[in-house]
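This is what each chain is made of:
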Amino acid sequence: MTGRQILVTGASGFVGGAVARMLSEAGHGIVAISRRPPQIPDGFSWIAGDLTDTTSLEKCLDNCGAVVNVAGKTGLPTTAEEEREFYQINCYAAAALARSARSAGVQTFIHVSSAGIFGPGNGSFSEASLCKPGNIYERSKSAGERAVVAEATQDMNVTVVRPTNVFGGGHPQRKLLTWFRSVKTGRTILIRNPAEKWVNYVYVGDVARAISEFLGRGAASARRQGCSAVYILNTPSTVAQMFDLSAQALGMKPKRLVCPQWPLLAVASVAEFVAVALRKEAPFTRDKLRELSGTQIFLADRVRDVQPAFPYFGLGEGLARTCRQYASMGLL
C-alpha cells in the first residue's frame, strides 16, 4: 500500500471494528464512515454517515487508495420495508460505493460478502461452487457481491471475501456463549457420529488479518488473476473437534455425550415453545440442531494459496481467546 488512507465502512460493527483496529495498529491511516463512532485507536478520521449518502462518500474517499467495505445488514426481515433495507444496504449501497471508489481513483476495493450466499447444502463447497442463496439476507449479499465485482477494472481491483460464521468475544449477539456454557456445565449432547458432522466458524481476528494481508499480497494476486478474485474465509471442523477444542479452551477434559437426532429434535421444539411462553432465549433450538447435524464444508484452500499462514490464529486459539474475553466480562 502507498501512503494514502484506507476507508473502512461499518467500523462501528463487530467485524468492521476489528478490521479498522488491526489496520490502525499496523500504521495505516484510517477513514471510518459509520452511523456511530467506532471504538478504534487514535490516528483515524471518522465521518458520521452511511453508504446511501453520496456527499459523505465523496468526502470519505478523498485521498483514499483502498476501501474495505464491511458494512451490511444481517439477520432476517420481518416486514416488506425491512426486505427493501436489506437490498438497499447489502446491494445498492455497496454498488454505489464501488462506483464512487472507482471514480475517485481507488486502487484496491475489498468487499466483505458471506459464505451464506451458497445457500444450504451438503458436501464440500469452493469459490467455484454454484451459489443458491435461500433467504433475503443471502440473496441481497449475493446481489451486492455481483454488483461490486462488476465495477472492477484494471485500475481498481476488487477482492471479495466470504467469511463463514464469524465469532469472537466482542460479538454483539454473544456468539457461541450458550455453547460454551453448555460445554462447561457438561450439558452438551452431540448428535450421533459427531466426527462425521461439520461446522463452519472463523475467528474475527483471522478475518481481520486476512483482509489486512489482502491490501498488499492478496490484492496483487487479484491483479494477476484479472481484475477481481473471491476467497472463502473459514476454519472448518467436525462437531467432535469443535467440542474438544471448546472444552480445552475452558480448561476442561473433553467428555462427549452422544444421542440420536430425533430425541434432540423433540427437546429443541419444547425448548423453543417454553422460551416463547417465558419470553426468554431458548438454550437449544432446531436451528442449532440443524447446524450440529450438517455436512456442509466451506473450503479455504484458495486463500491459503496466497496467504499460506492462514489461519493466523486458528479455531483453537480463537475459541480460547473468546472464552477468556467472555470470562473477563463475567459471562462464563
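Above this text is the structure in question.
Since the model is a prediction, treat every value here as computed from it, not as a measurement. (Residues numbered from 1 in each chain as written. Predicted model: local features only at pLDDT ≥ 70, side-chain atom pairs only at ≥ 80, totals over all residues. Heavy atoms only, no water.)

Caption draft 1: Focus on the overall build of the chain. When you go through the chain residue by residue, the secondary structure sums to eleven helices and 14 strands. Working note: accessible area of the chain is about 15,400 Å², and carbon and sulfur atoms make up 50% of it. (Helix = DSSP H or I, 4+ residues; strand = E, 2+ residues; numbered from the N terminus. Areas by Shrake-Rupley, 256 points an atom, 1.4 Å probe, with all protein chains shown as cover.)

Caption draft 2: Spatial organisation of the sheet that holds strand β11 (residues 228-233). Within the open sheet, the seven strands sit side by side as β3-β2-β1-β4-β5-β7-β11. Their pairing is parallel. At either end of the open sheet lies a strand with only one pairing partner, and these are β3 (44-48) and β11. Between one strand axis and the next, the sheet turns through 20 degrees on average, direction left out of account. Sheet topology note: the strand β2 (residues 30-34)/β3 ladder contains five bridges and is parallel. The partner of Val31 across the bridge, within β3, is Ser45. (Pairing = 2+ DSSP bridges. Axes fitted to C-alpha atoms, helices over the stretch in contact; angles between N-to-C directions.)

Caption draft 3: Region of interest: the pairing of β2. Within β2, five of the five residues are buried, which leaves it mostly tucked inside the rest of the structure. Taking every second residue as pointing to the same face, both faces of β2 are buried, with Ile30, Ala32 and Ser34 on one and Val31 and Ile33 on the other. With four bridges connecting them, strand β1 (residues 5-9) and β2 associate as parallel partners. Residue pairing in the sheet places Ile6 in a bridge with Ile30 of β2. In terms of handedness, the path from β1 via helix α1 (residues 14-25) over to β2 forms a crossover that is right-handed. (Buried < 20%, exposed > 50% of the residue type's maximum accessible area, 1.4 Å probe, protein only. Right-handed = clockwise from strand over helix to strand, strands pointing away.)

Caption draft 4: How the structure looks around a nonpolar patch on the surface. A grouping of Val270, Phe273, Val274 and Leu278 is seen on the molecular surface, where their side chains present a nonpolar patch of about 410 Å² in accessible area. Summarising the element assignment, Leu278 is placed in helix α8 (residues 261-278). Judged by its relative accessible area of 54%, Leu278 falls in the exposed class. (Patch = residues over 30% accessible without salt bridge, like charges linked within 9 Å, V, L, I, M, F, W, Y side chains within 5 Å. Salt bridge = Lys/Arg side-chain N within 4 Å of Asp/Glu carboxyl O.)

Caption draft 5: Geometry of the pattern of salt bridges. This model, assessed by the stated rule, comprises nine salt bridges. A salt bridge links Arg304 to Asp301; its shortest N-O distance comes to 2.9 Å. With Arg304 and Asp301 both in helix α10 (residues 301-306) and three residues apart, this pair spans about one turn of that helix. For Arg304, a relative accessible area of 32% gives the class partly exposed. With its nearest N and O atoms 2.8 Å apart, the salt bridge here joins Glu317 to Arg321. Of this pair, Glu317 and Arg321 both sit in helix α11 (residues 314-328), four residues apart, which is roughly one turn of that helix. Since its relative accessible area comes to 35%, Arg321 is described here as partly exposed. One network of salt bridges, with partners in common, ties together Glu317, Arg321 and Arg324.

Caption draft 6: Unusual backbone geometry, seen in detail. Here Phe310 and Pro311 are connected by a cis peptide whose omega angle stands at 0 degrees. By the element assignment, Pro311 lies in the loop between α10 and α11. Phi is positive for Asn63, which is not a glycine, with a value near 65 degrees. Structurally, the position occupied by Asn63 is in the loop between α2 (54-61) and β4 (64-69).

Caption draft 7: Looking closely at the packing of aromatic side chains. Going through the model one piece at a time under the given rule, you end up with eleven aromatic pairs. Each ring, one from Trp179 and one from Phe243, has its centre 6.4 Å from the other, and the planes form 85 degrees; the classification is edge-to-face. A residue pair is termed long-range when its members are at least 10 positions apart, and Trp179 in helix α5 (residues 177-185) and Phe243 in helix α7 (residues 239-249) qualify at 64 residues. Residue classification places Trp179 among the buried positions, given a relative accessible area of 8%. One aromatic cluster in this structure is built from Phe167, Tyr201, Tyr203 and Phe313. One Lys or Arg, Arg209, reaches over the ring of Tyr312 and ends 4.3 Å from the middle of that ring. (Phe/Tyr/Trp six-rings, centres within 6.5 Å; stacked < 30°, edge-to-face > 60°. Lys NZ or Arg CZ within 6 Å of the ring centre and 35° of its normal.)

Caption draft 8: Here's a closer look at the environment of Tyr87. Residue position: Tyr87 is located in helix α3 (residues 80-103). Look at Tyr87 and you get partly exposed, because its relative accessible area is 24%. Distance in space between the C-alpha atoms of Tyr87 and Ser140 is 5.1 Å, their sequence separation being 53 residues. The residues contacting Tyr87, other than those within four sequence positions of it, are Tyr92, Ile136, Arg139, Ser140 and Ala143. (Contact = heavy atoms within 4.5 Å.)

Caption draft 9: Examining the nonpolar core more closely. Grouped together as the largest cluster of nonpolar side chains are 54 residues, with contacts concentrated most on Val8, Val68 and Trp179. With seven residues, the top contributor of residues to this core is helix α6 (residues 204-225). In terms of nonpolar packing, the next biggest core, distinct from the first, is built from 24 residues, Val31, Ile33, Ala94 and Val106 among them. (Core = buried A, V, L, I, M, F, W, Y, C linked by side-chain atoms within 4.5 Å.)

Caption draft 10: Up close: helix α4 (residues 136-149). A rise of 1.5 Å per residue sets the reference length of α4, with its 14 residues, at 20 Å; its end C-alpha atoms lie 20 Å apart and thus fit the reference within 8%. Counting buried positions along α4 yields eleven of 14 residues, so the element is predominantly enclosed. Its buried side turned inward, α4 meets α3, β5 (108-112), β7 (157-163) and β11. (Expected span 1.5 Å × (residues − 1).)

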